[in-house]
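The lines below spell out each chain.
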Amino acid sequence: HRIGEGLYSVFYEMDGSGNTADEPAYTTVAAIDYEWGFDAPEGISTDQFYGVMEGYLEAKFTEDITLFFTVDDALRVWLDDELVIDGWTWHSKEILQTEPFPVVAGEKYKLRIEYKEMGIAASLVMGWEGTALNSEVIPKEYLYVTP
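Bear in mind that the values here come from a model prediction, so they are computed numbers and not experimental data.

**Topic: the pattern of salt bridges**
Taken as a whole and assessed by the stated rule, the structure comprises eight salt bridges. Residue Asp81 pairs with Lys110 through a salt bridge whose shortest N-O separation is 3.0 Å. Placement of the pair is Asp81 in the loop between strand E6 (74-79) and strand E7 (82-87) and Lys110 in strand E10 (residues 108-117), with a sequence separation of 29 residues. Residue class for Asp81 comes out exposed when judged on its relative accessible area of 58%. Residue Lys110 is classed as partly exposed on the basis of its relative accessible area, which comes to 33%. One network of salt bridges, with partners in common, ties together Glu54, Arg76, Asp86, Arg112 and Glu114.

**A short note on the pairing of strand E1 (residues 7-13)**
The buried count for E1 comes to five of seven residues, which makes it a mostly enclosed element. The pairing of E1 with strand E2 (residues 26-30) spans five bridges and is antiparallel. Pairing of Ser9 across the sheet is with Thr28, part of E2.

Rules of the game
Position numbers for residues count from 1 along each chain, tracking the sequence in the order it is written. Only residues with pLDDT of at least 70 get local features here, since the model is predicted, and only at 80 or more are side-chain atom pairs given and counted; chain-wide, interface and lining totals rely on the full set of residues. Each side-chain value is derived from all of the structure's non-hydrogen atoms; neither hydrogens nor water enter the calculation. We define a salt bridge as a side-chain nitrogen of Lys or Arg found within 4 Å of a carboxyl oxygen belonging to Asp or Glu. Secondary structure counts use DSSP, requiring at least four H or I residues in a row for a helix and at least two E residues in a row for a strand, with both numbered from the N terminus. Burial status follows relative accessibility: with a 1.4 Å probe on protein chains alone, a residue under 20% of its type maximum counts as buried, one over 50% as exposed, and anything between as partly exposed. Two strands are said to pair when DSSP picks up at least two bridges between them.

Here you go:
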């Protein structure tokens, strides 16, 4: 029985020049399954914001998996402190993914995700796929704040 509650996620307002506020506007622990549409996380009134999501991903099966993100707008992803996705430009509901990598069932892997919304629609959804996994949005039960 998995007990993960999600990744620790912090969101900041940004001004028109791309400067991030000093204090976070919204923090939560959740799965990375955000469909803000033309809105933003709670407490953010601008159409531009920045978020950092950190924690650990627990493997469901022992196999090679691919992480994929449906993103609108910009995304960077680190896996065990290695930059595996560098999509720090405009994307409109595009899928960005890692190369396949090996995981062991029950082991945890460090994740850091940086997200930037630069205007209009906003979304960020994280999934995984593999032979045994098929393809799905990663349930929060497999995401942890601490190892």
